[in-house]
Amino acid sequence: MLLAGLLSACCGSKRFILIGWFGIALVLPWLAVANTPLALGAALAAFGASLSLIDVAAGINAMELERAARRSLMSGFRAQFSIGECAGSDAMAALAGCTLGLFHQP
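If you're wondering where the values come from, they're calculated on a predicted model, not measured in any experiment.

1. Observations concerning the environment of A42
You can see A42 is positioned in helix 3 (residues 37-69). The class for A42 is partly exposed, based on a relative accessible area of 42%. For the pair A42 and G5, spaced 37 residues apart in sequence, the C-alpha to C-alpha distance is 23 Å.

See the structure below:
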């Protein structure tokens, strides 16, 4: 995370946000098909690294925006992030409880 912060600060945070999202897109299929504990561990480590890269770069991007606006914006960003996180987890929990029969095998 320290390296992500240094690189985002010197090279621009938008690039590292995009790299992080690309990493997540590459790793998600691995999580679905990992068939050994080692493969699952490697996929989870890569997923966590990509997610951390996005988090650090987005924080730096928000700080740059706050400095440019010359007013406090970070508390609003964090609040919206938390609201979105709660809404997403609630939606996924509701969908997990649905029995749609998509994967039903006779």
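2. Considering helix 3
For helix 3, which comprises 33 residues, the first-to-last C-alpha distance of 47 Å matches the rise-based estimate of 48 Å (1.5 Å per residue) to within 8%. Three or more residues of helix 3 are buried, namely A43, S50, L53, I54, V56, A57, G59, I60 and A62. With its phi angle positive at about 55°, R70 sits one or two positions after the end of helix 3.

3. Considering the confidence of the model for the protein chain
Predicted confidence across the protein chain gives a mean pLDDT of 84, with 91% of residues reaching 70 or more. Within the protein chain, no element has a lower average pLDDT than helix 1 (residues 2-11), which sits at 73, and none a higher one than helix 2 (residues 13-33), at 90.

4. Here's the deal with the environment of M74
Checked against the element boundaries, M74 lands in helix 4 (residues 74-97). A relative accessible area of 21% places M74 in the partly exposed class. For the pair M74 and M63, spaced 11 residues apart in sequence, the C-alpha separation works out to 7.2 Å. Beyond its immediate chain neighbours, meaning those up to four positions away, M74 contacts G59, A62, M63 and E66.

5. Side note on the packing of helix 3 against helix 4
The interhelical angle for the contact between helix 3 and helix 4, taken along N-to-C directions, is 145°, at an axis separation of 10 Å. Like other packed secondary-structure pairs, helix 3 and helix 4 cross with a definite hand, here right-handed. Along the contact surface, helix 3 presents D55, G59, A62, M63, L65 and E66, while helix 4 presents M74, F77 and R78. Its residues assigned to classes, the contact of helix 3 with helix 4 comprises 5 nonpolar, 1 polar and 3 charged.

6. Observations regarding the nonpolar core
Ranked by size, the top nonpolar core spans 7 residues in total: A4, F16, I17, L53, V56, A57 and I60. Contributions of two or more residues to this core are made by helix 2 and helix 3. Looking at this core element by element, the count peaks at 4 residues for helix 3. Residues in contact with I17, not counting those within four places in the same chain, are I54, A57, A58 and N61.

7. Some words on unusual backbone geometry
Its identity as a non-glycine residue notwithstanding, R70 has a phi of 55°, on the positive side. In this structure, R70 sits in the loop between helix 3 and helix 4. Note on R70: relative accessible area 77%, which makes it exposed.

Rules used throughout
- Positions within a chain are numbered from 1, following the residues in the order the chain's sequence is written.
- Predicted model: local features are reported for residues with pLDDT of at least 70 only, side-chain atom pairs are reported and counted for 80 or more only, and whole-chain, interface and lining totals are derived from all residues.
- The side-chain values count all of the structure's non-hydrogen atoms but skip hydrogen atoms and water molecules.
- Secondary structure elements follow DSSP: runs of H or I of four or more residues count as helices, runs of E of two or more count as strands, with numbering from the N terminus.
- Burial status follows relative accessibility: with a 1.4 Å probe on protein chains alone, a residue under 20% of its type maximum counts as buried, one over 50% as exposed, and anything between as partly exposed.
- The span expected for a helix works out to 1.5 Å for each residue beyond the first.
- A residue's pLDDT is the confidence the predictor assigns to it, expressed on a 0 to 100 scale.
- What makes two residues a contact is simply this: any of their non-hydrogen atoms within 4.5 Å.
- Helix axes are fitted to C-alpha atoms over the stretch in contact, other axes to C-alpha atoms as well, and angles between N-to-C directions run from 0 to 180 degrees.
- Crossing handedness: left-handed means the near helix sits turned counterclockwise from the far one by under a right angle, and right-handed means the same turn made clockwise.
- Note on residue categories: nonpolar means Ala, Val, Leu, Ile, Met, Phe, Trp, Tyr, Cys or Pro, charged means Asp, Glu, Lys or Arg, and polar means any other residue, Gly included.
- Residue types Ala, Val, Leu, Ile, Met, Phe, Trp, Tyr and Cys, when buried and joined through side-chain atoms within 4.5 Å, form a set referred to as a nonpolar core.

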